[in-house]
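Coordinates in review
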Amino acid sequence: MTLWDLTQGASAKVSRFSASIESGYRTRLSELGFHPGEQISCVMSPSLGAPKLYRVNNTVYSLDDSIASLIEVS
Amino acid sequence: MSSTQVSKIALIGSPNSGKSLLFNRLTGLNQKVANFPGITVDIASGKSADGNNIEYLDFPGVYSLQTISGEEKIAVQAFMSALQDDVLEAVICVVDCTRLEKGLIFALQVLEVCHRYNKPVLIAANMIDILDVHDMHFNAASLSEALKVSVLPVSAKTSAGLAEIPEALAQASVPPASFQSDIIASDESINHLHAQELAEKYGPKGDLLIKAQTRLDSFFLHSWLGGLSFFIIMYLLFQSIFTWAAPVMDGVESIIQWLASVVLPMIPPGVASDFTSDALFGGIGAFLVFVPQIFVLTLVVGMLEDSGYLARAAVICHKPLRFFGLTGKSFIPMLSGVACAIPGIYAARTVESTRKRWLTYLAIPLMPCSARLPVYSLIIAAFIPAQKAFGGLVGWQGLAMFSIYLFGILCALFVTAVVSRSSAELRTDLPFVLEMPPYRLPSWRPLLRNAWNRSKHFVTKAGKVIFAVTVVIWVLGYFPNYGASLGDSWLGSMGRWIEPIFAPFGLDWRYGVAILSSFLAREVFVGTLGTLFGIDSAGEDFTSLAQQIQESGLPLGAGAALLVFFAIALQCVSTLAVLKRETGSWRLPVQLFVSYSIFAYVAALAMFHLVEFLT
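Residues numbered from 1 in each chain as written. Chains lettered and ligands numbered in written order. Predicted model: local features only at pLDDT ≥ 70, side-chain atom pairs only at ≥ 80, totals over all residues.

1. Looking at the overall build of chain B
- Along chain B, the regular secondary structure elements total 26 helices and 9 strands.
- Of the contacts made within chain B by residues no fewer than 6 positions apart, 73% connect residues no fewer than 24 positions apart. (Helix = DSSP H or I, 4+ residues; strand = E, 2+ residues; numbered from the N terminus. Contact = placed C-beta atoms within 7 Å.)

Shown next, in the form of structure tokens:
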């Protein structure tokens, strides 16, 4: 399951990043809190495929499908 | 620190850590504070407001010293070179204490480089007021002990702890070597684990995310309520700059007319009197009338920025913009472009992907900037009746303005959609990850100051160009026959020479001259036309320029063609210069100038024939 598959209100732990994410960007995701083992919840899933809102610690980020579908969660 | 010499102190921190507000509080300067990730794109500096010999340097917010975007690269390079400078006494690293883990990941990197360059560091743990409200605490003393640098809890919002900064700086020490020899080049996960451990031990515990944020997000990002509110907010933005600014504009016009009626009788008839009447009151006066609109627009856009709504607007716009080859992050630069292309081009640095940034550059000059506003207002006032519809809620002129603004935006999207599809290398992209700042009430004072500064800048910078062009045009139009006949003046001869270029849109030579002069800056068009009509009707009453255009019998098709031409053509020397600075070469600005001029000419011609066919 990927982060993009999380429904509104659901949460899961990051298990790993897809190898297709460039290493610089993988580091940035870690710095923002999207780190393997981190608990992420989907706080908002707007309709029409708009980017979803994810909460990590006390911060909310918006990620679109192109990146959220490359982050595996369990 | 020496007490006689000025000490330079660098401020660095992540976006939304409240760094810019802290800088404002420390310096009392008019530095722009915005609630959108990465809005500070230049390094601001200011002397300490409390009279200490301290000069603060505000570096743009970055998430990491390992950069992924053009903007971050500029900021980090500037910070690294400042660290190597002997005059830099210390570094203040601003972290949001409500999100300590994230702040510490960055702070650990800063400590490491400051150790390397032997600079003392003070960690300013900002937003302590939010912890107080939630009755939460964090252990600054123990964190300070663990990190072996000073940690000072502050609140830029309430000014709590700010008075202690100079003393804390004086006592700040160089961070010791960390457990890692080179943290930014090493595995990020070690840094992350260390930050997590520190935040868990000393940071505030509990749910700090304001519930109101989630509630507001579920409204503003709701499938149809969100879309509806987005359109209402954007529509109000346009109404505010046209309908709501009108009384102030009328006031400015009355003052200019009153001044003209007082000053003109004092000057004996002759060259001086004609110059004052036509060039000063006619040319400059016509342009000053539009300053209130620029003020209102800057204020409203700033308000949206500060409230946190703009980040939500980027989320709403992301999917549709992606269709046109852009990203939700292009929305802020493009919206800034509605005020002025120049801040828009600077703001495009926040678009990490080089390709999307270039596409954003293509879009910005087509956004309906405030310099086009005087031209639009003039043409609309000349052709559209000032009547209201729907019980006085909507003015026809406001609606016409909305349409021409929409036309510019659609042109921008059309261009990016075509270009992004025609080039394979423009199709791939960096992913979309955007921090959602908390909603907050805008701080009025910085916003008003910013709007005032923008208006002042517009008057002083654009005003100089406009005055110079106005004087040249007036001299060319007045001599050699002392204003007896404009047709026989030098300008008349030049105008007739270029008349064939603009004649296909039904425009006579006066408009041709005004368009040519507007290639310096769009708003010069109004001043030039004011001067030209002023000279033409010398001795008549001081009627508004719009009325004179109306009376000159300009066909509707020509008016529509003018609007279309101004919506597309890249007549702005400053925009071209800034594009050159940002892209590092003249290639893009020259390409854009030539292609948008041709596009504008062809579209204006098509518009003229369409309107003539329909009417």
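So, next bit.
2. Here's the deal with the overall build of chain A
- In terms of regular secondary structure, chain A is built from 2 helices and 5 strands.
- Listing every helix and strand of chain A by position from the N terminus yields β-α-β-β-β-α-β.
- Here the C-alpha atoms of chain A give a radius of gyration of 11 Å, agreeing with the 11 Å that 2.2 N^0.38 yields for 74 residues.
- Projected onto the principal axes, the alpha-carbon positions of chain A cover approximately 30 × 25 × 20 Å. (Rg over C-alpha atoms; globule rule 2.2 N^0.38 Å.)

3. Regarding the interface of chain B and chain A
- On the side of chain A, 29 residues touch chain B, which itself brings 32 residues to the contact.
- Grouping the amino acids of the side of chain B that touches chain A by side-chain chemistry returns 14 nonpolar, 11 polar and 7 charged.
- With 4 bridges connecting them, strand β4 (residues 59-63) of chain A and strand β9 (residues 433-436) of chain B associate as antiparallel partners. By the bridge assignment for β9 of chain B, Val60 of chain A is matched with Met436 of chain B. (Nonpolar A, V, L, I, M, F, W, Y, C, P; charged D, E, K, R; others polar. Pairing = 2+ DSSP bridges.)

4. Here we look at unusual backbone geometry
- A cis amide bond, omega 5°, links Phe479 of chain B with the succeeding residue Pro480 of chain B.
- Along the chain, the position of Pro480 of chain B falls in the loop between α19 (444-478) and α20 (490-502).

5. Quick word on helix α26 (residues 587-614) of chain B
Residues and elements named next belong to chain B.
- With 28 residues, α26 extends 40 Å between its outermost C-alpha atoms, agreeing within 8% with the 40 Å of an ideal straight helix rising 1.5 Å per residue.
- Within the span of α26, buried status applies to Pro589, Leu592, Phe593, Ala600, Ala604, Met607 and Phe608.
- Along its buried surface, α26 packs onto α16 (354-363), α24 (556-568) and α25 (573-583). (Expected span 1.5 Å × (residues − 1). Buried ≥ 20, exposed ≤ 12 C-beta atoms within 10 Å, placed from the backbone.)

6. Regarding the packing of helix α18 (residues 396-422) of chain B against α24 of chain B
All names here are of chain B.
- Between α18 and α24, the least distance of the axes is 10 Å, while the angle of their chain directions is 45°. By the angle class used here, α18 and α24 are oblique. Relative to α24, α18 is oriented so that their crossing is right-handed. In this structure, α18 contributes Ile404, Phe407, Gly408 and Cys411 to the contact, and α24 contributes Leu563, Ala567 and Ile568.
- Here the residues of the contact of α18 with α24 are counted per class, giving 6 nonpolar, 1 polar and no charged. (Axes fitted to C-alpha atoms, helices over the stretch in contact; angles between N-to-C directions. Parallel < 35°, antiparallel > 145°, perpendicular 65-115°, else oblique. Left-handed = near helix turned anticlockwise from the far one by under 90°.)

7. Details of the environment of Thr2 of chain A
Residue and element names in this part refer to chain A.
- Inspection of the secondary structure puts Thr2 in the segment before β1 (11-17).
- It is 20 Å that separates the C-alpha atoms of Thr2 and Gly24, two residues lying 22 residues apart in sequence.
- When near neighbours in sequence (up to four residues on either side) are disregarded, Thr2 contacts Ala68, Ser69, Ile71, Glu72 and Val73.

8. Some details on the sheet that holds strand β5 (residues 121-126) of chain B
All names here are of chain B.
- Spatially, the 6 strands line up as an open sheet ordered β2-β3-β1-β4-β5-β6, and their pairing is mixed. The strands lining the two open edges of the sheet, one partner per strand, are β2 (44-47) and β6 (150-153). Between one strand axis and the next, the sheet turns through 25° on average, direction left out of account.
- When strand β4 (residues 88-96) meets β5, the two strands line up parallel, connected through 6 bridges. When the sheet's bridge partners are listed, Cys93 is paired in β5 with Ile123.
- Contacting β1 (7-13), β2, β3 (54-58), β4 and β5, helix α1 (residues 19-27) crosses the sheet at an angle of about 160° to β3.

9. Notes on the packing of α25 of chain B against α26 of chain B
All names here are of chain B.
- Running from N to C, α25 and α26 point in directions that differ by 145°, and their axes come no closer than 7 Å. In this structure, α25 contributes Leu576, Leu579, Lys580 and Thr583 to the contact, and α26 contributes Leu588, Pro589 and Phe593.
- In terms of residue class, the contact of α25 with α26 is built from 5 nonpolar, 1 polar and 1 charged.

10. Some remarks on the environment of Leu26 of chain B
All names here are of chain B.
- As for its position among the elements, Leu26 is in helix α1.
- Since 27 C-beta atoms lie within 10 Å of it, Leu26 is described here as buried.
- Separated by 24 residues in sequence, Leu26 and Asp50 have C-alpha atoms that sit 7.8 Å apart.
- Once residues lying within four places of it in the same chain are set aside, the contact partners of Leu26 are Ser48, Ala49, Tyr56, Leu162 and Ile165.

11. Let's talk about helix α14 (residues 331-339) of chain B
Residue and element names in this part refer to chain B.
- Burial within α14 is extensive, with 9 of its 9 residues counted as buried.
- Residues of α14 that are buried: Phe331, Ile332, Pro333, Met334, Leu335, Ser336, Gly337, Val338 and Ala339.
- Among the structural elements, α12 (291-307), α13 (309-323), α15 (341-347), α16 and α18 are those in contact with the buried residues of α14.

12. Examining the sheet that holds strand β5 (residues 71-73) of chain A
- In spatial order, the strands read β5(A)-β1(A)-β2(A)-β3(A)-β4(A)-β9(B); together these 6 strands make up an open sheet with antiparallel pairing. Bordering the open sheet on either side are β5 of chain A together with β9 of chain B, each of which pairs with just one other strand. Ignoring which end each strand starts from, the neighbouring axes of this sheet average 45° apart.

13. Brief notes about the pairing of β1 of chain A
Residues and elements named next belong to chain A.
- The pairing of β1 with strand β2 (residues 39-44) spans 3 bridges and is antiparallel. Within β2, the residue paired with Ala12 across the bridge is Ile40.
- The pairing of β1 with β5 spans 3 bridges and is antiparallel. Each residue of the ladder has a partner; that of Val14, found in β5, is Val73.

14. Let's talk about the confidence of the model for chain B
Residue and element names in this part refer to chain B.
- Summarising the model, chain B shows a mean pLDDT of 82, and 89% of its residues fall at 70 or more.
- Of all secondary-structure elements in chain B, the lowest mean pLDDT belongs to strand β7 (residues 388-389), at 72, while β5 reaches the highest, 96.
- Every residue in residues 181-185 scores below 50 in pLDDT, and together they form 9 contacts with partners more than four places removed in sequence or on other chains.
- Below pLDDT 50 for its whole length, residues 538-542 participates in 5 contacts with residues either more than four positions away or in separate chains. (pLDDT = per-residue confidence, 0-100.)

15. A few points about the pairing of β2 of chain B
All names here are of chain B.
- Pairing analysis gives 4 bridges linking β2 to β3, with the strands arranged antiparallel. Note on β3: the bridge partner recorded for Lys47 is Glu55.
- Linking two consecutive strands that pair antiparallel, namely β2 and β3, is a turn of 6 residues; a positive phi of about 80° is found at Gly51 within it.

16. Comments concerning the environment of Gly28 of chain B
Residues and elements named next belong to chain B.
- Examined against the element boundaries, Gly28 turns out to sit in the loop between α1 and β2.
- On the basis of neighbour counts, which here come to 13 C-beta atoms within 10 Å, the residue Gly28 falls in the partly exposed class.
- Placed 21 residues apart in sequence, Gly28 and Ala49 show a C-alpha to C-alpha distance of 5.5 Å.

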